[in-house]
Each structure stands twice: as C-alpha cells, then as structure tokens.
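Listed here are the chains, written in short residue letters.
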Amino acid sequence: MIFPWKQLILLSFIGCLGGELLLQGPVFIREPSNSIFPVGSEDKKITLNCEARGNPSPHYRWKLNGSDIDMSMEHRYKLNGGNLVVINPNRNWDTGTYQCFATNSLGTIVSREAKLQFAYLENFKTKMRSTVSVREGQGVVLLCGPPPHSGELSYAWIFNEYPSFVEEDSRRFVSQETGHLYISKVEPSDVGNYTCVVTSMVTNARVLGSPTPLVLRSDGVMGEYEPKIEVQFPETLPAAKGSTVKLECFALGNKAPLGSTHKRCGNSRGGQSLLGMQGEWQAQALLPMAEKWSSPSARASAPDFSKNPMKKLVQVQVGSLVSLDCKPKASPRAHSSWKKGDVSVQEHERISLLKDGGLKIANVTKADAGTYTCMAENQFGKANGTTHLVVTEPTRITLAPSNMDVSVGESVILPCQVQHDPLLDIIFTWYFNGALADFKKDGSHFEKVGGSSSGDLMIRNIQLKHSGKYVCMVQTGVDSVSSAADLIVRGSPGPPENVKVDEITDTTAQLSWKEGKDNHSPVTSYSIQARTPFSVGWQTVTTVPEVIDGKTHTATVVELNPWVEYEFRVVASNKIGGGEPSLPSEKVRTEEAVPEVPPSEVNGGGGSRSELVITWDPVPEELQNGEGFGYVVAFRPLGVTTWIQTVVTSPDTPRYVFRNESIVPYSPYEVKVGVYNNKGEGPFSPVTTVFSAEEEPTVAPSQVSANSLSSSEIEVSWNTIPWKLSNGHLLGYEVRYWNGGGKEESSSKVKVAGNETSARLRGLKSNLAYYTAVRAYNSAGAGPFSATVNVTTKKTPPSQPPGNVVWNATDTKVLLNWEQVKAMENESEVTGYKVFYRTSSQNNVQVLNTNKTSAELLLPIKEDYIIEVKATTDGGDGTSSEQIRIPRITSMDARGSTSAISNVHPMSSYMPIVLFLIVYALW
C-alpha cells in the first residue's frame, strides 16, 4: 500500500524491550524541495534530498512526472542513500516534478512533490524598437518585454549609453515585476534612447534589449491632469508570518504624484490606498496596517485561475501515477470538485480527491484519458479550470545494442530501435563511457543512422579510444528507456615498458622489458631495434632467441660492433599487427676489441718526383672497435720479398707518401694497409699494385712528317715513343704549328690521345708554308719537341662555278653538259667535276665523279630531281653551279638549262625516268 506523506498511517508494532525499537514503518526526516538550477553552471550534478527512518531500514525509488526513474542508467542517475543525484542535468529532459518513495516491509510513504527548474536567460530578439513620441508633461510607459527565461530577474534601464543608468525618483520608476519603465511627467531632458537591461538573479547573466527612442511631439505641451494609477497591488497576496512582502504602486500625472511614504496610492477597483511608490513590510506588521489602510492581502475574493492557471495538457503513460493540480486564487479557500467531460469524478481505489483541491489517479489506463474540469467555489463566486489528460503506451526498445568485439579500422552499427506511442515524439541520445556522445567532435567516426523509430549508431574506422560502454537513451514527453552494450576494440599492442640493458659485452647486449597494453589481443611476438650515432634511424637487430614469443620478456642482442654507443627499443606484435615501439633504453657502449675490418679501396699513384703515394678509405668509427686506432702501411717493389712498414696514428688519415731519391719513376710496388688499436693489431687489406710517381718523357717522337691535304688542311704524323722512355703512363701528344710569317712563340697547338700517331690541322691559310713540331706528355708534364718540319698548303679551288649547265631528257636517261672551268693563277688546277643530285622529297645526296664536262644519268623515281655541278682540284671542291630542277619526265623528249630553272613544266606532262647507274657519296 502507498500512503500520502500527510496521511501516513503507521502500520507497525512498536514495543520496548530494553529500550530498543522493534519495528517501525518509514517516516520522512527530509523531503525534496523545489530547486532551480543555473544552466551552464560548472557544477555538473543536482542533488534532491530524501531521507526516512524506519525499521527495517527503508529503500528508495524516485518518479519524474509520474514515471519511475530508471536507476540502471548510471551515467544519468545515482542514489546516495535516499538522495537522488542527477548527473549532467539537462533542462529538456530533467525539468519537472519529482517524488521520493521510501519503502520497507511495513509500507511505503510518498514525499511531497518537488519541482526542478533550470534558470536560464536567452538573448533579446534583435529587431529595432519603434520610436515613442509624447508631449512634454505627458506620462509614458516604456515596455521591456524580457526574453525567454527561467528564474527570478532584476531590471534596469540605460539612458543613451552605458554606464548611464536611469535613476528612480518621484518621476521615474522601474517595475521589478514587469521590467517596465514609468515616467509620470516627461521633460525635455528625458529625450533620448532607453535600453532595458535584464539580469538573472540565479546565474548573474545579463542581456540588453534594443534601444527605444523617446522624442517630444511638436504639437504643444500637456496641461495638468489628475494622477492615474499605472502599477497596482494584486487582489490578494498571501504571506507567511515573518516573511517579507514587496508591493509596487506608481501613478502617472501632471503635476508628478508624490511618492513619499506619507502619501497614499489609490486602488481604482476598491478605492483602497496604500503607502507610496514601493515598500517592504514584515508580514507581522501587516494586520495593523490593514486596519488603517485595508491591506490587499486581507481582502475576500472569488476563485480566480488567471494567476495560477491549470495545465492545458498533461501526458502520462499507462500504469503510472498522475496528479492534476487545481489551485485557484480565492479567499477564503475554495472548495473543489471534478468532472471528466460531463461526468462527475468520484473517489474509488484508484482516484483520490486531495485536500489542496487536486486530483490523483493511480495505475492510469487508456480509459482515464480525457478532459478534466476543476470547479472551484466559495461564498464569493465560482470558477472553472480545465486540463486535458493524454495517456500513452510505454516506450519499448525492440532492437537493443549488444556487446561487440571488433578490430581497429572496422566499421560497426550499434542498433537502437523502439516501439512507441504514435502521439509522442521521441529523442534518441547516446552516451559513451558516461558522457554525452559528441557527434561534432567525433563526426568523422560517429553518425546516427536509421529512420524515425531508429537511433542506430554507426562508428566508422573504429579506434582503440572507442572501447567502452555505450548507452542508447530514448526519451519521450512522459517516459524514458535505455539499453547499454560494451564494445571491445582490439588493436595492435601498446608500447612495451621499462626497457633495460642488463649486461653488455663487446658484441652482445642482454635486454629485459615489461609488457605494455595488449589492447584486447594477446601479444604474439617481440622484435628489438637498435640505433647508434652512425646508423640511419632504427634498425632491426639479430637476437637470441631468433624469434621472441609473446610470453618472453628478455633476449640477447648479438652481432654488435665493439666500442659503439647503442640505444635499444622493443616492438610488440599481435594478430592485429605491430604496435608502437617502446621508449628507448638508456645509451650504453659495447666493450673494446681488436679491430676486425681493414681499410677498403687501397690504391695510390701520382705524386711528385721520387714519391710513392698510397691511399685508402678510412675505417668508419663504428668499426674501429676501441681507442688508439691507427693504420700499418706496408709496401715493397714488385719482385722484392721484404716489406717496408710504417705506422699512421690518425684514424681519419686517408693516405701516406713515401719519398726517396732511389725510387724509379713509374715503377710498380706491392702495397697493403692494416689496422690496430689499444687491444692489438687487426688484419691487412688485400695486396694491390701501385706505381710510383711519373716523370716527364725524356725523348721526342721520331719520324715526324707533314702533308698538305687541301688549301686549308695539313696532316702531321710521327712514330710513338717506347713505353720505357715515357717515364709513366703516356697521356697523349701535343702538335705545335705556325706559318712562315709568324713566330714560334705565338704558335697554335692541338692535342691527341696517347694511342694516336697523326693529327689534322684545319682552318689554315691557302698556298702558305707552315712549320710544325710534336712532343709527348704524361701526368708529370711534357717532354722535348721533335725536329721542326714544314709543308705548304695548296692553292684555293677555282671561284668560277661550272657555267651554262644544260640538260636533255629522254624516256631512259638525262644528259648533262656544262662549260669548262678555268683556274686563275692563284687557284688550284681543275682535275675533274662532281655532279650532286637528289630527289626533291629527300635529303640524301648522290655524287657522280667525271673528268669530262658532261654526264649521263638514269633516274628511276617518278618525281623531280635537284642537280648541282662543282669543279674538283687538289685544293678542294670549287664553287657550285646554280641548282637546276629536272621535272618528272612524261614526254618523249625534254630539254632545259640553268637559265630555264623557273620555267618548270607541269608534272603530269612528263613520262617517268628509270635510274640506270647511281654513285653514292656525301655532299
């Protein structure tokens, strides 16, 4: 049985046995009270008090708006004893009426209702306010119109600009009930802009409205008129003894009404009057004042719902408990009765008529839905109020999220589908690990999918951070349900921890570590990486055991270099993949050892006279194996059995030079280079052959001769120098030349490779004597010049081209004729002629040589031909004749000449020609 808290029936047997309480039904010690919670407060929880005593100790449950609160939603609610803690409160879901139920084996008691509201203050709408125009001397009221809010407000007005606030006096008054600004008599100094400032008394938030311009009309001044009450007392004002009562009263008028406490403020409805503009009294002072001025709180009145109207609509679900309020203003208190539709409501086992006039219905059914009318009556009158009760089916989750096990990178859907009353709107909300899921911050991963009755959650590219508990909460106007599921995300392992080097030798390191997070997938293996000052990043190293399984947390790294500073790190792997590496171990240096690697690229050669130069690539520091590192250089002439040795102490030195006058130029030596350090000597490099330094050749080339090739070219030839006389590797020959009118000091020169025995001198002057000499050179320098020889270049070719070139074509051949070219005295004699010919579509030129002034050509291709003729001499080819074009032959006979080259017949009028003989040559 459930008993209202004011009508608790104690169903217990209380006995006294040694002063000990035996049995007692629950009795409230503390009950919840109305609360207002500031929206945006840093305090993210609200506590509603409820404490009862009893034996056995009572247990507690709570209802919100008549529906049981689901205490399994740990991310939303928590019981602290009997107190209800609301976590991360939200004004859309948590506003309403709360009741506490305390139960033990002897019965249940129900607390009084406690309303939870959320204090907030929204911004004013930004639209401009209209100008208010009044006459001088006229009274005016400027309306504030506060924005949507909850919680007590205070009001002020700014005149023109901040921080100039309107000061209240006998002419000006700011109502703290409505926020309106009253000016009883407008003066010219009042003209300007007025801005209403609204401040929340709970949150201290402050917002400003748009300015209201006040201007004076130009049609005269307002004359005197009697005061008019604009701010009046309420009809009744109940107050508890000892409480503070505030009454507002203000009148407009010209002259301005006086507002001192010695004046009275008339009441237009009852003719009563009360003190001045605004005053506060203790309630216990209230009755004597009422005797003198007839206080409004002592007035009798008929029932009136205007100040405390009934709720238009109440929504509850089947099976819940609902209370319908009926609290009109009335003095004396009104008697209430109820109707559902036109039928009077009578008490029975589910329906109770409450002492405060309300109606309570337990275990609500669909049949209880309808319109309920409360009829209130006292000796001064009657009044009605109406509430419409809507009864809905409870919301049920038909497809709930279930526990899932996934891997990183996958995409999953957590279903949340419901069946709900069609009259109700539903809201789906997801919580992740107790916090509201942030779809903006995690928009790349979280997305709501599904239809109107589905709140499915899709998680794309799932990550380790998405492991945890997911709760789908479904809320309607009358109830809420939720379902939770655990999501396990398996990923590659986290980094191993506490990597240590326990023992170090010259080539090994003993390591140990601790297992890191396995991220829901057991570690299957480990690998070890190392880094030195000489390595490029981290490198995987060889270990014993070679394969380290997931249960092994020690290993030996082998094949390390002695006397090198190492860092180590460990990487864990599982069936998902390899994880992040551990933090590096402390740096450790391996022990010293005898060097094992000789220098590479041992070579040499070159240098100055009487030197043997030996070179090598220095051994890298990471292969020197210890301090005191250096090189042992050994060498001997080819064929000698005894080695000459010397020590190079610098590890970075790449060469050694042995100087001795007895060294034969360019003679072969066997050479090897070894290594050593403080631990001892290491190996030598393989033996290689190095030649001593070269010297300049000691002899000149023999059998030098020169031959004139043309009017501008001479060919010089000689015999090569024997290898033994070259004193080194012969690089080449230098040919120096000058003409008879020049000096040897200003001569020109050309160089040729060592295997060449001739050179061509080009660009020379014609018919002129030239002198030339040849010398050999190697890397040490050049040897002596040979004896000088001379030769005269040939005369230039004739400048006159072959003239009067004519052609005669038949169906088988082309006959060419031209005039003989006669050389002048300073020109070379003509020895013959060259005929150059090609097709008009090709660049390949063919040449016919003849010692006559005529030529015969057989041409097979059916297209035009281009022909030129040149004279030939010992000095070269002469000037070319003009080009002649022979068109494709289509008739039996055709003729032409150089003078007729532009007079080309149409191609279609000639017969084809067949080539009989072609001589190929370069043009």
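Here the residue index of a chain counts from 1 through its sequence in written order. Where totals are concerned, whole chains, interfaces and linings use all residues; where local detail is concerned, this predicted model gives features only for residues with pLDDT of at least 70, and gives and counts side-chain atom pairs only at 80 or more. Side-chain metrics rest on all non-hydrogen atoms present in the structure, leaving aside hydrogens and water.

(A) Inspection of the confidence of the model for the protein at higher detail. In this model, the protein carries a mean pLDDT of 85, and residues with pLDDT of at least 70 account for 86%. pLDDT expresses how confident the predictor is about each individual residue, on a scale running from 0 to 100. Note on definitions: a residue-residue contact is assigned when non-hydrogen atoms from the two residues lie within 4.5 Å. Across residues 1-21, confidence stays below pLDDT 50; counting only partners more than four residues off in sequence or on other chains, it has 36 contacts. Below a pLDDT of 50 lies the segment residues 259-266, which in the model reaches 22 contacts outside its immediate sequence neighbourhood of four places, other chains included.

(B) Broad picture of the sheet that holds strand β71 (residues 758-761). Read across the open sheet, the three strands follow the order β67-β68-β71; overall the sheet is antiparallel. With partners counted over all chains shown, the strands left at the sheet margins are β67 (702-708) and β71, one partner each. The sheet shows a mean angle of 15 degrees between the axes of neighbouring strands, direction not considered. Note: strand β68 (residues 714-719) against β71, four bridges, orientation antiparallel. Paired with E715 across the two strands is R760, which belongs to β71. Being paired, for any two strands, means DSSP has found at least two bridges between them. In DSSP terms, a helix is any run of H or I states spanning at least four residues, a strand is any run of E spanning at least two, and both are numbered starting from the N terminus. Lines fitted to C-alpha atoms define the axes here, with helix axes fitted over just the stretch in contact, and angles between the N-to-C directions of these axes take values from 0 to 180 degrees.

(C) Focus on the pairing of strand β60 (residues 611-617). Any residue under 20% of the maximum accessible area for its type is buried, any over 50% is exposed, and the rest in between are partly exposed; the area is computed with a 1.4 Å probe on protein chains only. Most of β60 sits inside the fold, with five of its seven residues counted as buried. Sheet topology note: the strand β59 (residues 600-604)/β60 ladder contains three bridges and is antiparallel. When the bridges of β60 are listed, N603 appears paired with T615. Two successive antiparallel strands, β59 and β60, enclose a turn made up of six residues, where G605 displays a positive phi of approximately 105 degrees. Examined bridge by bridge, β60 and strand β63 (residues 655-659) share five bridges and lie antiparallel to one another. Note on β63: the bridge partner recorded for E611 is R659.

(D) Quick look at the sheet that holds strand β6 (residues 45-48). The three strands are arranged β6-β11-β10 in an open sheet whose pairing can be described as antiparallel. In this open sheet, the two strands that pair with only one neighbour each are β6 and β10 (77-80). Put simply, the sheet's adjacent strands are angled 20 degrees from each other on average, direction ignored.

(E) Expanded view of the packing of aromatic side chains. The criterion for an aromatic pair is that two Phe, Tyr or Trp rings (for Trp, the six-membered ring) have centres within 6.5 Å, with stacked assigned to planes under 30 degrees apart, edge-to-face to planes over 60 apart and tilted to the rest. Counted by the stated rule, this structure contains 18 aromatic pairs. Taking the centre distance of 5.9 Å and the plane angle of 80 degrees together, the rings of Y162 and F165 count as edge-to-face. Taking relative accessible area as the criterion, F165 reaches 30% and is therefore assigned partly exposed. Between the aromatic rings of W818 and Y833, the centroid separation amounts to 5.7 Å while the plane-to-plane angle is 65 degrees, which identifies the pairing as edge-to-face. Here W818 is found in the loop between β76 (814-817) and β77 (830-839), whereas its partner Y833 is found in strand β77, with 15 residues between them in sequence. A residue is classified by how much of its surface remains accessible, and W818, at 6% relative accessible area, is buried.

(F) Highlighting the environment of D405. Within the secondary structure layout, D405 lies in strand β41 (residues 404-407). In the structure, D405 is positioned 62 residues away from S467 in sequence and 9.4 Å away in space, judged by C-alpha atoms. A polar contact of 2.3 Å, which involves the side chain of D405, links it to the side chain of R490. As used in this structure description, the phrase polar contact means that two N or O atoms lie within 3.5 Å; if the pair is within protein, one of them must be able to donate a hydrogen and the other to accept it, and residues adjacent in sequence are counted only when both atoms belong to side chains.

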